[in-house]
Amino acid sequence: AARRDESSSSAQEEDDLRLLSSSKEHHEDAAAAAAAAAEEDQQQPLGVAKLGYSWEAVDVVAWRDRSELASALRGLTAQTGSRCEFVAVQAFVDAVGELRAYCVDGEIAHRAYTRFRRRRRSPTHAAETQRFSDFEVV
């Protein structure tokens, strides 16, 4: 009859339990990361609608679906005093930052590197969170 080595069997069982435990933790971490990425994707705009010559991106509105795009177009074109003849619509580009060049009499008077702060979408202030007016100089 074959004799079983109890000490090596016990050590193997402990190794197996550690492997199963770490595998479960890894699976839970991966599931949490996937859920966070899905939530971020849901909040990520598909595109923006914007008026030309807008100061500080005041007239740039993010949209995530057709109804939000329609609302953005209505809001931008119905502004009092607006004389823009078109609204530019483009895909959203999740940029790290931008270079702003302030020109006076055709010459660059000042350069600033900026980025917009990420804002969580708020159901009670949806129109406000779709605007890109909160930026910081980097």
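Above this note sits the structure.
What you are looking at is a predicted structure, and each value in this text was computed from that prediction instead of being measured.

Participant: Whenever I open this one, the sheet that holds strand β6 (residues 135–137) confuses me. Can you help?
Facilitator: Through backbone hydrogen bonds, the strands of a sheet pair up, either in parallel or in antiparallel fashion. Pairing in this open sheet of 3 strands is antiparallel, and the strands run β4-β5-β6 from one edge to the other. Looking along the sheet, the strands with just one partner apiece sit at the ends: β4 (98–104) and β6. Recorded for the sheet is a direction-independent mean angle of 45° between the axes of neighbouring strands. Pairing of β4 with strand β5 (residues 107–116), which is carried by 7 bridges, proceeds in the antiparallel orientation. The partner of glutamate 98 across the bridge, within β5, is threonine 114.

Participant: How do you make sense of the pairing of strand β1 (residues 47–50) when you look at a structure like this?
Facilitator: Here is the key point about a regular strand: its side chains alternate between the two faces of the sheet. Note: β1 against strand β2 (residues 60–63), 4 bridges, orientation antiparallel. Following the sheet pairing, lysine 50 is matched in β2 by valine 60. The pairing of β1 with strand β3 (residues 88–91) spans 4 bridges and is antiparallel. If you follow lysine 50 over to β3, its bridge partner there is alanine 88.

Participant: Honestly, the nonpolar core in this entry has me stumped. Any pointers?
Facilitator: Core analysis: the biggest nonpolar cluster contains 7 residues, these being Ala49, Leu51, Val61, Trp63, Leu69, Ala72 and Leu76. Those elements that place two or more of their residues in this core are β2 and α2 (66–77). Sorting elements by how many residues they give to this core places α2 first, with 3 residues. Among residues more than four places away in sequence, those in contact with alanine 49 are Asp59, Val60, Val61, Trp63, Leu69, Ala72, Leu73, Leu76, Val87, Ala88 and Val89. Counting 5 residues, the second largest nonpolar core, distinct from the first, contains Val48, Ala57, Val60 and Ala62.

Participant: Please explain the sheet that holds β3 as it appears in this structure.
Facilitator: Pairing within the open sheet is antiparallel, and its 3 strands lie in the order β2-β1-β3. If you trace the sheet from one side to the other, it starts and ends with β2 and β3, each paired once. Averaged over all pairs of adjacent strands, the angle between their axes in this sheet comes to 25°, without regard to strand direction.

Analysis parameters
Numbers given to residues run from 1 along each chain, matching the order in which its sequence is written. Per-residue local features of the predicted model are confined to residues with pLDDT of at least 70, and side-chain atom pairs are confined, for both listing and counting, to 80 or more; whole-chain, interface and lining totals are unaffected and use all residues. The side-chain values count all of the structure's non-hydrogen atoms but skip hydrogen atoms and water molecules. DSSP bridges decide pairing: two strands pair if at least two such bridges lie between them. Helix and strand assignments come from DSSP, with helices taken as H or I runs of at least 4 residues and strands as E runs of at least 2, each series counted from the N terminus. Axis lines are fitted to C-alpha atoms, over the contacting stretch for helices. Their N-to-C directions set the angle, which ranges from 0 to 180 degrees. What makes a nonpolar core is a set of buried Ala, Val, Leu, Ile, Met, Phe, Trp, Tyr and Cys residues whose side-chain atoms join them at distances within 4.5 Å. Only protein chains enter the accessibility calculation, which uses a 1.4 Å probe. A residue is then buried if its area is under 20% of the maximum for its type, exposed if over 50%, and partly exposed in between. Any two residues whose heavy atoms approach within 4.5 Å at even a single point are treated as in contact.

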